[in-house]
Amino acid sequence: METSELLKKVRKIEIKMKGLSKHLFSGEYHSAFKGRGMSFSEVRNYQYGDDVRNIDWNVTARTGEPHIKIFEEERELTVILLVDISRSALFGTVEQFKSEIITEISALVAFSAITNNDKVGLILFTDQIELFIPAQKGKQHILRIIRELLDFQPKGVGTRIDKALEYFQRIIKKRSICFLVSDFLGQGYEEPLRVASRKHDLVGVRIADPAEAKLPNIGLVHALDAESGALNWVDTSSAKVRATYADWYERNYQYYRSAFLKCGADNLDILTTESYTTALHQFFKKRSGV
């Protein structure tokens, strides 16, 4: 991608996601992901309606007037975007590829995080770890993350969610919020998911296109497997072939649902045919208990 074109795309995403995070998601994100606890901030005069349990008796005795302690939430959280950039994300039958939606969702989460003064980091993966950007604050840092999401050229082609989770667990020592964004077309990651979710607040975000669920009946086609690179003839007119593919897709989906359920981690599904802002809005409200 040319530099000028890349900068235009970054700017377009920045304007869109910054607006959404400020007007729609900053409060919901804050409510959905709590800080580590409450810390003492200051003492002030008691006002009608204040909780009497917060009265500072030492200051009250010294001044002769009732005072209460004010506490603030310890906010500074670390958010890690663990993003699948394998070739299977280069698919879409509506307006956008899965990869484009993955980029926009990641940017929205990132802007929501820095609006709440949290740090954001990025791990890009395929069947190997492609890039790690340590968590930091600030607009320029988020713009770098968006640039990498838009223009990074991976060396790998397949998907190894297990490797990505193992790397995340090894490299991120402090408890973090991890958004694992992928199409989850694969298996074998249940154990590292369980281990990572013990320490971290892990959220799986599955991006899917409805057209992926079944093969169309269009006869004999020369099909390229985007991840393996294999080119094969596929007879889509065969009911057996279509059933085998549909079964493979469904098994991957059920494995994903089961793995997250077993380890108690949150997850949400976002289709390319629906509004991801609506899906995230509902998810944040659910986490907040609203």
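If you're wondering where the values come from, they're calculated on a predicted model, not measured in any experiment. (Residues numbered from 1 in each chain as written. Predicted model: local features only at pLDDT ≥ 70, side-chain atom pairs only at ≥ 80, totals over all residues. Heavy atoms only, no water.)

**Q** Just give me the short version of the overall build of the protein, but keep the residues and values in it.
**A** When helices and strands are tallied, the protein shows 8 helices and 10 strands. Counting only C-alpha atoms, the protein reaches 90 × 45 × 35 Å along its principal axes. Taken across its 290 residues, the protein has 42% of its residues classed as buried. About 15,300 Å² of surface is accessible on the protein, with carbon and sulfur atoms providing 52% of the total. (Helix = DSSP H or I, 4+ residues; strand = E, 2+ residues; numbered from the N terminus. Buried < 20%, exposed > 50% of the residue type's maximum accessible area, 1.4 Å probe, protein only. Areas by Shrake-Rupley, 256 points an atom, 1.4 Å probe, with all protein chains shown as cover.)

**Q** Pulling in residues and values, what's your account of the pattern of salt bridges?
**A** Counted by the stated rule, this structure contains 13 salt bridges. Residue Asp247 pairs with Arg251 through a salt bridge whose shortest N-O separation is 2.9 Å. Of the two residues, Asp247 and Arg251 both sit in helix 7 (residues 239-263), 4 residues apart, roughly one turn of that helix. Among the salt bridges present, the one from Arg287 reaches Asp266, with a minimum N-O distance of 2.9 Å. In this pair, Arg287 sits in helix 8 (residues 276-288) while Asp266 sits in strand 10 (residues 266-271), placing the two residues 21 residues apart along the sequence. (Salt bridge = Lys/Arg side-chain N within 4 Å of Asp/Glu carboxyl O.)

**Q** Provide a residue-level description of helix 4 (residues 139-151), including the pertinent values.
**A** Along its 13 residues, helix 4 runs 18 Å from first to last C-alpha, staying within 8% of the 18 Å computed at 1.5 Å per residue. Within helix 4, the full set of buried residues consists of His141, Ile142, Leu143, Ile145, Ile146 and Leu149. (Expected span 1.5 Å × (residues − 1).)

**Q** Tell me what's going on with the sheet that holds strand 10, and back it up with residues and numbers.
**A** Read across the open sheet, the 6 strands follow the order 5-4-3-6-7-10; overall the sheet is mixed. At either margin of the open sheet sits one strand with a lone partner, and together these are strand 5 (129-136) and strand 10. Looking at each pair of strands side by side, their axes are set apart by 15° on average, direction ignored. Looking at chain direction, strand 7 (residues 201-208) and strand 10 are connected through 6 bridges and run parallel. Its bridge partner lying in strand 10, Val203 is registered against Asp266. Running at roughly 175° to strand 3 (residues 78-84), helix 3 (residues 98-115) makes contact with strand 3, strand 4 (119-125), strand 6 (177-182), strand 7 and strand 10 of the sheet. (Pairing = 2+ DSSP bridges. Axes fitted to C-alpha atoms, helices over the stretch in contact; angles between N-to-C directions. Contact = heavy atoms within 4.5 Å.)

**Q** Account for the packing of helix 3 against helix 4, naming residues and giving values.
**A** Running from N to C, helix 3 and helix 4 cross one another at 170°; their axes reach a closest spacing of 10 Å. Taken together, the axis directions place helix 3 and helix 4 in an arrangement best described as roughly antiparallel. Between helix 3, through Thr103, Ser106, Ala107, Ala110, Phe111 and Ile114, and helix 4, the contact on the second element is made entirely by Lys139, Ile142, Leu143, Ile146, Leu149 and Leu150. (Parallel < 35°, antiparallel > 145°, perpendicular 65-115°, else oblique.)

**Q** Break down the nonpolar core for me, with residues and values.
**A** Within the largest apolar cluster, 45 residues are counted, with the highest numbers of intra-cluster contacts made by Phe33, Leu81, Phe179 and Ile270. Per-element tally for this core: the top contributor is helix 3, with 9 residues. With residues near it in sequence (within four places) discarded, Ile270 still touches Ile105, Val205, Arg206, Ile207, Ala208, Tyr276, Ala279 and Leu280. Residues Tyr189, Ala259, Phe260 and Ala265 belong to the second largest nonpolar core, which totals 24 residues. (Core = buried A, V, L, I, M, F, W, Y, C linked by side-chain atoms within 4.5 Å.)

**Q** Go over the packing of aromatic side chains with me, naming the residues and quoting the values.
**A** Here a ring pair, both rings aromatic, is described through the centre-centre distance and the interplanar angle of the planes. Under the counting rule described, the total for this entry stands at 9 aromatic pairs. Plain terms: the ring middles of Tyr189 and Tyr255 are 5.0 Å apart, the flat faces sit at 85° to each other, and that makes the pair edge-to-face. Taken together, the positions of Tyr189 in the loop between strand 6 and helix 6 (190-199) and Tyr255 in helix 7 put the pair 66 residues apart, joining distant regions of the chain. Seen from their ring centres, Tyr256 and Phe260 are 5.4 Å apart, and the 65° between their planes marks the pair as edge-to-face. Highlighted residues: Tyr256 and Phe260, both in helix 7, separated by 4 residues, approximately one helical turn. The class of Tyr256 is buried, set by a relative accessible area of 0%. (Phe/Tyr/Trp six-rings, centres within 6.5 Å; stacked < 30°, edge-to-face > 60°.)

**Q** Before we move on, can you summarise the side chain of Thr60 with the specific residues and values?
**A** Topologically, Thr60 is positioned in helix 2 (residues 57-63). There is a polar contact of 2.8 Å between the side chain of Thr60 and the backbone oxygen of Asp56. One polar contact links the side chain of Thr60 to the main-chain amide nitrogen of His67, over a distance of 3.0 Å. Not counting residues within four places of it along the chain, the set of residues in contact with Thr60 comprises Ile55, Glu65, Pro66 and His67. (Polar contact = N/O pair within 3.5 Å; in protein donor to acceptor, adjacent residues only side chain to side chain.)

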